[in-house]
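Given next are the chains, with one letter for each unit.
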Amino acid sequence: MKDKLIVFKIGTSSLTNHMGDLDAEKLAQITSQLAQLHHQGYQLVLVTSGSIAAGFRRLGFDKRPKHIADKQASAAVGQGLLIEHYTTNLMQDGIVSAQVLLTQDDFKDPRRYNNAAQALQVLLKRRAIPIINENDTIAVDEIKVGDNDTLSAQVAGLLKADLLVLLTDVAGLYTANPRKDPQAQAIAKVDNITPELFQIASGAGTANGTGGMVTKIQAARLATMAGVPVFITSSQLKNSLPKAVKQEIQGTYFTAQTKAFNQKKQWLAFYAPSQADIFVDAGAEKAMVAKGHSLLLSGISEFSGNFQRNDIVSVYSQTSGKLIGKGRARFSRLVVEELLQFKHPEGTFIHRDDWVTLL
């Protein structure tokens, strides 16, 4: 198991008490388990929530604030306090930790995306544990929606991790909300993430957190598409981190897809902002999806939005209207409009090397 890379995500509910304050004892238990795994030779990354919980009382709030600006201010105070806990605890075991703050923009920009990967790889090679959090002070929309679930999946895919462990206050996925339905059955393994899984997932588990099981399934979908298996379990179970690594604890295991995206196609699939929508006919759809061919100009039915050469575009089926993938345009809208005036337009609009299927 030496050098096996594990990404852990720990939610706010696993780090706080019933009042919503950061619980130093819970955090110490987490770091102790991380130290145990580190000394066994694992490479570890921790994506952590808790900065708002650590800071809101320092600003005089009686309870966790709801307004965005108040959350941002609390995160600004709490981030330093949170990392201080991790740093101090891990240093007692002779382990160096490193604070890394990321936003969605760091994944959208290909240069920043690659720089983040390289910096994290150096830290891991040097046997440090990166402690990663969303940069809540400047990330407005992300605070409101289970951001760190998604962030952990993005980091796991970026680093080609061997496993992503999502730690929460529920021991995996159930057929219904176990807090409300005594007949709810635990789901031990998921090979395919279907719409039905999202329907049975409940909302946020506690008032102190930001995401629920839905965001964890979304994160599992992203990670497994990147080739990373996912295990969801409860941090409240004894020795949950070491046991989760080997799935020796109650939880839900999501198997990784066999045809995983490489780093270039991960960026294209998950993070690259799309500039326009392209609709293709049934013949082009079959050639691209079933046969792995490039998109020829002759297969384009219609398009919307303005795009330039090398822009990323989303491609939809004219028949079903569904998104089938994303790719890099080889011609601008102006050039495409001119070429499509010919009866038999020739040329490749998206090369298969710059294409990813998302069906």
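What counts as what
- Chains are numbered independently. Their residues run from 1 in the order of the written sequence.
- Reporting in this predicted model follows two pLDDT cut-offs: at least 70 for local features of residues, and 80 or more for side-chain atom pairs to be given and counted; totals over whole chains, interfaces and linings ignore these cut-offs and use all residues.
- To get the side-chain values, all heavy atoms of the structure are used, and hydrogens and water are removed first.
- One bridge is not enough; two strands pair if DSSP finds at least two bridges between them.
- Numbering goes from the N terminus for both helices and strands, where a helix is a DSSP run of H or I of at least four residues and a strand is a run of E of at least two.
- In this analysis, axes come from line fits to C-alpha atoms, helices being fitted only over the stretch in contact, and the angle between any two N-to-C directions falls in the range 0 to 180 degrees.
- Contacts were defined at the residue level, with two residues in contact if any of their heavy atoms lie within 4.5 Å.
- UniProt positions are given in the numbering used here, feature names are shortened, and annotations may be inferred rather than shown by experiment.
- Two aromatic rings, drawn from Phe, Tyr or Trp (for Trp, its six-membered ring), form a pair once their centres lie within 6.5 Å of each other, and the interplanar angle then sorts them: stacked below 30 degrees, edge-to-face above 60, tilted otherwise.
- Burial classes: relative accessible area under 20% of the type maximum marks a residue as buried, over 50% as exposed, and values in between as partly exposed (1.4 Å probe, protein chains only).
- As a per-residue quantity, pLDDT reports the predictor's confidence and falls between 0 and 100.

**What to know about the sheet that holds strand β17 (residues 355-357)**
In step 1: A sheet is described by the order of its strands in space; here 5 strands give the open sequence β13-β11-β14-β15-β17, paired in mixed fashion. The sheet is open, and its two edges are formed by β13 (300-304) and β17, each paired on a single side. Shown here is a sheet whose adjacent strand axes are inclined to one another by a mean of 25°, direction ignored.
In step 2: Sitting on the sheet, helix α10 (residues 263-271) touches β14 (312-317), β15 (323-328) and β17, and the angle it makes with β17 is about 65°.

**A look at the UniProt feature "domain: PUA" (unreviewed entry) in the chain**
In step 1: Mapped onto this numbering, the UniProt entry gives "domain: PUA" (unreviewed entry) at residues 276-349.
In step 2: Between the end C-alpha atoms of residues 276-349 the distance is 13 Å, and the span holds 20% helix and 34% strand.

**Some details on the packing of aromatic side chains**
In step 1: Within this structure, the stated rule accounts for 8 aromatic pairs.
In step 2: With 5.9 Å between their ring centres and 65° between their planes, Phe270 and Tyr271 make a pair best called edge-to-face.
In step 3: Residue classification places Phe270 among the partly exposed positions, given a relative accessible area of 21%.
In step 4: Taking 5.4 Å as the distance between ring centres and 25° as the angle between the ring planes, the aromatic pair formed by Phe279 and Tyr316 counts as stacked. Placement of Phe279 in strand β11 (residues 277-280) and of Tyr316 in strand β14 is noted, with a sequence separation of 37 residues between them.
In step 5: Grouping aromatic residues by their ring pairs yields a cluster made of Phe107, Tyr113, Phe261, Phe270 and Tyr271.

**Let's talk about the sheet that holds strand β10 (residues 252-254)**
In step 1: Reading across from one edge, β3-β4-β2-β1-β5-β9-β10-β8 is the order of the 8 strands in this open sheet, with mixed pairing throughout. Looking at which strands have only one partner, the edges of the open sheet turn out to be β3 (97-102) and β8 (189-190).
In step 2: Relative to strand β9 (residues 230-234), strand β5 (residues 163-168) runs parallel, the two being bridged by 5 bridges. In the sheet register, Val165 faces β9, and the bridge partner there is Phe231.
In step 3: Packing of helix α1 (residues 24-39) onto the sheet brings it into contact with β1 (5-10), β2 (43-48) and β4 (129-134), and relative to β2 it is tilted by some 160°.

**What about the confidence of the model for the chain?**
In step 1: Considering every residue of the chain, the mean pLDDT works out to 89; 93% of them sit at 70 or more.
In step 2: Between residues 142-146, whose pLDDT stays under 50, and residues either more than four places distant or in other chains, the model counts 14 contacts.
In step 3: Scored below 50 in pLDDT, residues 203-210 shows 24 contacts in the model against residues more than four places distant or in partner chains.

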